[in-house]
Amino acid sequence: MKILITGGCGFIGSNFIRHILNKYPHYEIINLDALTYAGNLENLRDIEESPRYSFIRGRIEGAATVKAVMKGVDCVVNFAAESHVDRSILDAQPFLTTNVIGTHILLEAARAVSIKRFIHISTDEVYGTLGDEGKFTEETPLRPNSPYSASKASGDLLVRAFYETYKFPAIIVRPSNNYGPYQFPEKFIPLMITNLLEGKPIPIYGRGENVRDWLFVEDNCRAIDAILHDGKVGEIYNVGGDGEKRNIELAKKILAILGKDDSYITFVKDRPGHDFRYALNNSKIEGEIGWRPSVKIEEGLEKTIHWYKENEWWWMPLKERLSAESKGFWGR
Ligand SMILES: NC(=O)c1ccc[n+]([C@@H]2O[C@H](COP(=O)([O-])OP(=O)(O)OC[C@H]3O[C@@H](n4cnc5c(N)ncnc54)[C@H](O)[C@@H]3O)[C@@H](O)[C@H]2O)c1
């Protein structure tokens, strides 16, 4: 099987490529990635020599490139996106270009070659926000609150429309907040870990009361793999981590693992339109596909912290670039 993966030089995409190449000895992967600030060839250094892997630098909204790479492809997994909420608040334009126009260009090109399956990676953020109770199901109406989540919801609606109109074989996946190795250090967990490893304070929005449902990236890769092979075309699958934590609780866990006290916590002005709580109901994927998360947040954090400790060479240059930008993008 030949799979086109878009955005494979990012956090989840690179973990997924490694997962697929290791698990399926006969699969081939083409990775189409624009190498934006978030894309990094170092994420796949260990597999770039594999004869079953090829990389093409290009944008998903570039119709000619996309048409050319689609030839001979059986399935597409679309990870490519502008993914950081704080950046979308400052400038939504790149989010619309990649997450909406780019999705449309990919859909058209995949339809033209009668693709067997198109897996579109969305997010739980399209559902908006929860109060203290309840969980999002796949039937929850879309109520995105940030320019990022609005652009992701728009992409989802196009995918849905292609299924309804053309019986295009698409599936939408909505994972919760991921964490793990190779996550760009502007995101909440790697920002906290790397700041603490550098002896710096950790910024927390508001009073740290916001709740996220944390999913270890390897669990998400297993879920996307299972959906690619066993998911039903035209369906949506939530992928939650069963790892709900308030931001402040999470920060304290990371501080404890690194043997630091609470004096490193700095509360900063809250993000505008900050969603209070996300939590996903996993009944559908558990019932239909038999996937459930296997890594508890404590174990996942230990693994992630260990990885960042061992791989300073990877994140140090990225932190330097971020501090040169000095825009202070943090948290998701
Ligand atoms: N990280 C999370 O917690 C999370 C949670 C739920 C859903 N998601 C979704 O999962 C997907 C992957 O997220 P991530 O955290 O790995 O993102 P990321 O920002 O780490 O990586 C995105 C990748 O896409 C590439 N890219 C961006 N624009 C492109 C374009 N126009 N054409 C081609 N490539 C382009 C970048 O170079 C980068 O390699 C995204 O669709 C995101 O919305 C992420």
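Rules behind the numbers
Residues numbered from 1 in each chain as written. Predicted model: local features only at pLDDT ≥ 70, side-chain atom pairs only at ≥ 80, totals over all residues. Helix = DSSP H or I, 4+ residues; strand = E, 2+ residues; numbered from the N terminus. Rg over C-alpha atoms; globule rule 2.2 N^0.38 Å. Buried ≥ 20, exposed ≤ 12 C-beta atoms within 10 Å, placed from the backbone. Pairing = 2+ DSSP bridges. Axes fitted to C-alpha atoms, helices over the stretch in contact; angles between N-to-C directions. Domains from an automatic or database assignment. Contact = placed C-beta atoms within 7 Å. Nonpolar A, V, L, I, M, F, W, Y, C, P; charged D, E, K, R; others polar. Parallel < 35°, antiparallel > 145°, perpendicular 65-115°, else oblique. Left-handed = near helix turned anticlockwise from the far one by under 90°. Near = placed C-beta within 6 Å.

(A) Main features of the overall build of the chain. When you go through the chain residue by residue, the secondary structure sums to eleven helices and 13 strands. Here the chain has a C-alpha radius of gyration of 19 Å; the compact-globule value for 332 residues is 20 Å, and the two agree. Projecting the C-alpha coordinates of the chain onto the three principal axes gives extents of approximately 55 × 45 × 40 Å. Going through the 332 residues of the chain one by one, you find that 47% of them count as buried.

(B) Seen up close, helix 6 (residues 188–197). Within helix 6, eight of the ten residues are buried, which leaves it mostly tucked inside the rest of the structure. Taken residue by residue, helix 6 has F188, I189, P190, L191, M192, I193, T194 and L196 as its buried positions. Just beyond helix 6, the residue with positive phi is G199, at close to 75°.

(C) View of the sheet that holds strand 5 (residues 117–121). Spatially, seven strands are ordered 3-2-1-4-5-6-11 in an open sheet, and the strand pairing comes out parallel. Both edges of this open sheet fall to strand 3 (53–57) and strand 11 (236–239), since each of them pairs with a single strand only. The average angle at which neighbouring strand axes cross in this sheet is 20°, direction not considered. In the sheet, strand 1 (residues 2–6) pairs with strand 4 (residues 75–78) via four bridges, with the strands oriented parallel. Bridging from a neighbouring strand, I3 pairs with C75 of strand 4.

(D) Main features of the domain arrangement of the chain. What the domain assignment lists for the chain is domain 1 (2–178 + 215–239) and domain 2 (185–212 + 243–275 + 295–321). A separation of 25 Å is found between the C-alpha centroids of domain 1 and domain 2. Facing 14 residues of domain 1, the contacting portion of domain 2 comprises ten residues. At the level of elements, helix 3 (85–90), strand 10 (215–216) and helix 7 (217–230) are the ones that each hand at least two residues to the side of domain 1 that touches domain 2. For the side of domain 1 that touches domain 2, the per-class residue count stands at three nonpolar, six polar and five charged.

(E) Spotlight on the packing of helix 6 against helix 10 (residues 297–310). At a minimum axis separation of 10 Å, helix 6 and helix 10 run at an interaxial angle of 50°. Compared by their axis directions, helix 6 and helix 10 come out oblique. Classified by chirality, the crossing of helix 10 by helix 6 is right-handed. Residue-level contacts link I189, P190, I193, T194 and L197 of helix 6 to T304, I305, Y308 and K309 of helix 10. Its residues placed into classes, the contact of helix 6 with helix 10 shows six nonpolar, two polar and one charged.

(F) Fine view of the site of the ligand. In the vicinity of the ligand there are 30 residues, among which G7, G10, A38, G39 and A81 approach most closely. When residues of the shell around the ligand are traced back to their parent elements, those giving at least two are helix 1 (11–23) and helix 4 (93–112).

(G) Looking closely at unusual backbone geometry. Despite not being glycine, K167 shows a phi value in the positive range, around 55°. The class for K167 is exposed, based on 10 C-beta atoms found within 10 Å. Even without being glycine, D242 reaches a positive phi, approximately 50°. On the basis of neighbour count, D242 is assigned to the partly exposed category, with 18 C-beta atoms found within 10 Å.

(H) Looking closely at the packing of helix 4 against helix 5 (residues 147–166). At a minimum axis distance of 8 Å, the contact between helix 4 and helix 5 shows a crossing angle of 15°. By the angle class used here, helix 4 and helix 5 are roughly parallel. For the pair helix 4 and helix 5, the sense of crossing is right-handed. Across the interface between the two elements, F95, L96, N99, V100, T103, H104, L107 and R111 of helix 4 pack against P147, Y148, S151, K152, S154, G155, L158, V159, F162 and Y166 of helix 5. When its residues are assigned to classes, the contact of helix 4 with helix 5 shows ten nonpolar, six polar and two charged.

(I) A look at the environment of G290. Topologically, G290 is positioned in the loop between helix 9 (283–289) and helix 10. What makes G290 exposed here is the crowd of 9 C-beta atoms within 10 Å. With 60 residues separating them along the chain, G290 and D230 place their C-alpha atoms 9.7 Å apart.

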